[in-house]
2 protein chains.
Amino acid sequence: MTSTLLPPLHPLATGLTADSPLIAALEGREPAHRPIWFMRQAGRSLPEYRAARVDSTMLDACFTPELAAEITLQPVRRYGVDAGIFYSDIVVPLRAAGVDVDIAPGIGPVFGKAVTSLADVEQLPDLGEEGDGGAYDSALEPIRRAVGLTVAELGGTPLIGFAGAPFTLAAYMVEGKPSRDHLAARELMYKDPDAWEALVDWTAALAGRFMRAQVLAGASAVQLFDSWAGALSERDYQEHCAGGSARALGAVADLGVPRIHFATSAGHLLPALAQAGATAVGIDYRTPLDQAAGILPDVALQGNINPALLAAPADVLEAHVQDVLTRGAVAHGHVANLGHGMPPHADPEVVTRVVEYVHEHG
Amino acid sequence: MTSTLLPPLHPLATGLTADSPLIAALEGREPAHRPIWFMRQAGRSLPEYRAARVDSTMLDACFTPELAAEITLQPVRRYGVDAGIFYSDIVVPLRAAGVDVDIAPGIGPVFGKAVTSLADVEQLPDLGEEGDGGAYDSALEPIRRAVGLTVAELGGTPLIGFAGAPFTLAAYMVEGKPSRDHLAARELMYKDPDAWEALVDWTAALAGRFMRAQVLAGASAVQLFDSWAGALSERDYQEHCAGGSARALGAVADLGVPRIHFATSAGHLLPALAQAGATAVGIDYRTPLDQAAGILPDVALQGNINPALLAAPADVLEAHVQDVLTRGAVAHGHVANLGHGMPPHADPEVVTRVVEYVHEHG
């Protein structure tokens, strides 16, 4: 089953995670139980995470293989969730490529220089090619090592690789910092479509290579996370962004892994998210899963417990989780998750009860 | 036509603005031409606004009748738009009621104290009753005077009164400051529904009285602006917020004025927005107007030029405006507008051309 023409076989192909509930559900097969994991499960809501991070910045932790692996594993150990999500941040591949970006505490990504013209795009670092030993390829080595350490521990539990989508990366770069409405990026699409297209080409290659490195190192699935795509009209998205996401997801298509595509506040973009080459679509808490399944009958769905309900009385939360399970049951495949990231102040005891409930009743 | 049992007759009833293009379109009648105005037309994009505001904070300007009237009139003079929108801010009624709130430049509303419990709600200022000469009623006097000065200048051009919706006001108060996801407010709905309901009751009364004061002083229509409702699932909105908006809009229903209800990123809430007692629904730039008209065949629609396109080449912008006019023509009534607020850096020359195009081709 090996070939000198193909990359090293993926764990999925080796069977280690192929029949896990996560992969079965993502492929539309019957899982042993309803799988569940949580976006941002590795992070601030866990006391063991806060302890592990105490001496390092977030970006330093992302580039320290032992620490990134440990943080990725923490919620799998504590909660018994059905997948690890690789501990990273959407700016990690940018930093790896040599872009001047940092995460300012309480603010978010802040860039040394905003990208607002074709000349700016042309000055972005050359990404080279996979395995060329160039700057980007070499800078991804700690990521590969972290993934390797993680999957060795996870065994039959799949690891999900992660990247920010080309539009979201580009939106941050055009603004140079977080923005509420991403207007500068949305303007650039129309004001200077050549600059915009070149930027999305670059971020698509960056994100695709980043996901591919994680899969080649052992991740069994990927999630492309488009934080801000919901700010776009369907026309904006289809004409100026969908192609980039399709290229990023296409970078791992030959590796045969399930490809989850997620955007928040994007009920109007669901068909477009699927058409960009996803095999599963993440649904935020605003769109009921049965309604999403009606729109997307042929892909697996992921979601969509309302994170606000984690603060509700136990019976109210339980009724909501059951409602999500019931609605999700009509999908082509369903992976339970939150409909947005884990709140930093979420109570781990409550999260544990959600996992138990889903495994028992899902 | 006067009665001692009724409030002073509304300008609409007197006929001064009744046949204006705006009111005709909002009532589903045939307007003389397609009306247009812009959300945030009175504001930072105008050099005459920046000059007028140079010596005062935004909140001071809102409470200075001559200045608020002047700022409201500026875009009507410059652009020849079909309505004035009363220059205000969603925190103005909060400040009038005596809540400790300020607008921090570059940040937004910041409160002396967040409202997070029923006890906090019970400590909010008593709003009294309309015309009781109490603290809130008296503090609205500069608002009434500003409206009176404005409508005297506007003549047959209608003035639209304005208030922030109960949910958006409550969301700010629970967070105590701007928030990206309004999670604290969304949690409070489920964690302490009594506190939440009491808070929305209070903000609904506040917003309703604020709109009513503007209408009684001469405004011909109102817009209730729910900046953050799009962050809610339909269930969140229907169970915990829609009632408050209905009470706020209900406060002016007996005055016979058109009631526009607008929320951004709220394609999933359009039926709920209409059902809350609106006679027109504002559509943001993400939902095509013909699609919105299919969902809401019985109310007028307002919108939805994509603000990002104001930065596009003239021919691209013109094609987009024409597309909006064509799609809007199938609605029960159509008022052209942006699908979000005017960008602070919008070029007034470009805005002028949009108004001319709509008046010529609408």
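Residues numbered from 1 in each chain as written. Chains lettered and ligands numbered in written order. Predicted model: local features only at pLDDT ≥ 70, side-chain atom pairs only at ≥ 80, totals over all residues. Heavy atoms only, no water.

Focus on the pattern of salt bridges
Residues and elements named next belong to chain A. We apply this condition: For this analysis, a salt bridge means a side-chain nitrogen from Lys or Arg found within 4 Å of a carboxyl oxygen belonging to Asp or Glu. Think of it in three bands: with a 1.4 Å probe and only protein chains considered, a residue is buried below 20% of the maximum accessible area for its type, exposed above 50%, and partly exposed in between. Strands are runs of DSSP state E lasting at least 2 residues, helices are runs of H or I lasting at least 4, and numbering of each runs from the N terminus.
Scanning the model with the defined rule gives 32 salt bridges over all chains in all. Note that Asp137 and Arg144 form a salt bridge whose closest N and O atoms lie 2.8 Å from each other. Relative accessible area serves as the criterion here: at 22%, Arg144 is assigned to the partly exposed category. Among the ionic pairs, Arg235 bridges to Glu239, the shortest N-O distance being 3.5 Å. With Arg235 and Glu239 both in helix α13 (residues 234-240), this residue pair falls four residues apart, about one helical turn. The partly exposed category is assigned to Arg235, whose relative accessible area is 35%. In the salt-bridge network here, residues are joined through shared partners; they are Asp19, Glu27 and Arg29.

Digging into helix α18 (residues 348-361) of chain B
Three or four residues apart is the spacing at which side chains of an α-helix point the same way, because the helix has 3.6 residues per turn. Residues and elements named next belong to chain B. Definition in use: Residue count minus one, scaled by 1.5 Å, sets the expected span of a helix. Two residues qualify as a contact provided that any one of their heavy atoms is within 4.5 Å of a heavy atom in the partner residue. What qualifies as a polar contact is a pair of N or O atoms within 3.5 Å, subject to a donor-acceptor requirement within protein and to the restriction that residues adjacent in sequence count only when both atoms come from side chains.
For α18, which comprises 14 residues, the first-to-last C-alpha distance of 20 Å matches the rise-based estimate of 20 Å (1.5 Å per residue) to within 8%. Of all the positions in α18, only Pro348, Val350, Val351, Val354, Val355, Tyr357 and Val358 are classed as buried. Taken together, the buried residues of α18 touch α3 (47-52), α5 (65-79), β8 (300-305), α17 (314-328) and β9 (334-338). Measuring from the backbone nitrogen of Glu349 back to the side-chain oxygen at the start of α18 gives 2.9 Å, which picks out Asp347 as the cap.

Describing the environment of B:Val151
With respect to the helices, strands and loops of the structure, B:Val151 is situated in helix α9 (residues 141-154). Here the alpha-carbon distance between B:Val151 and B:Ala61, two residues 90 residues apart in the chain, equals 18 Å.

Thoughts on the packing of helix α10 (residues 166-175) of chain A against helix α12 (residues 193-216) of chain A
Residue and element names in this part refer to chain A. Under the convention used in this document: The axes are straight lines fitted to the C-alpha atoms, using for helices just the contacting stretch, and the angles between their N-to-C directions are given from 0 to 180°. Convention used here: angles under 35 degrees read as roughly parallel, angles over 145 as roughly antiparallel, angles from 65 to 115 as roughly perpendicular, and any remaining angle as oblique. Working rule for handedness: look at the near helix, and if it is turned counterclockwise from the far one by less than a right angle, call the crossing left-handed; if clockwise, right-handed. Any residue outside Ala, Val, Leu, Ile, Met, Phe, Trp, Tyr, Cys, Pro, Asp, Glu, Lys and Arg is labelled polar, Gly included; the first ten of those are nonpolar and the last four are charged.
Relative orientation of the contacting elements α10 and α12 amounts to 120 degrees, with a least axis distance of 8 Å. It follows from the interaxial angle that α10 and α12 lie oblique. The crossing of α10 and α12 is right-handed. Between α10 and α12, the residues in contact are Pro166, Phe167, Leu169, Ala170, Met173 and Val174 and Trp196, Leu199, Val200, Trp202, Thr203, Ala204, Leu206 and Ala207, respectively. Of the residues that constitute the contact of α10 with α12, the class distribution is 13 nonpolar, one polar and no charged.

Observations regarding the confidence of the model for chain A
Low-confidence regions, as indicated by low pLDDT, have predicted coordinates that should not be scrutinised in detail. All names here are of chain A. We apply this condition: One number per residue, pLDDT, summarises how confident the predictor is, and it ranges from 0 to 100.
Of all residues in chain A, 96% have pLDDT values of 70 or greater, and the mean over the chain is 95. Note that residues 1-9 has pLDDT below 50 and, in this model, five contacts with residues that lie over four places away or in other chains. The ipTM value of the predicted complex is 0.92, and its pTM value is 0.94.

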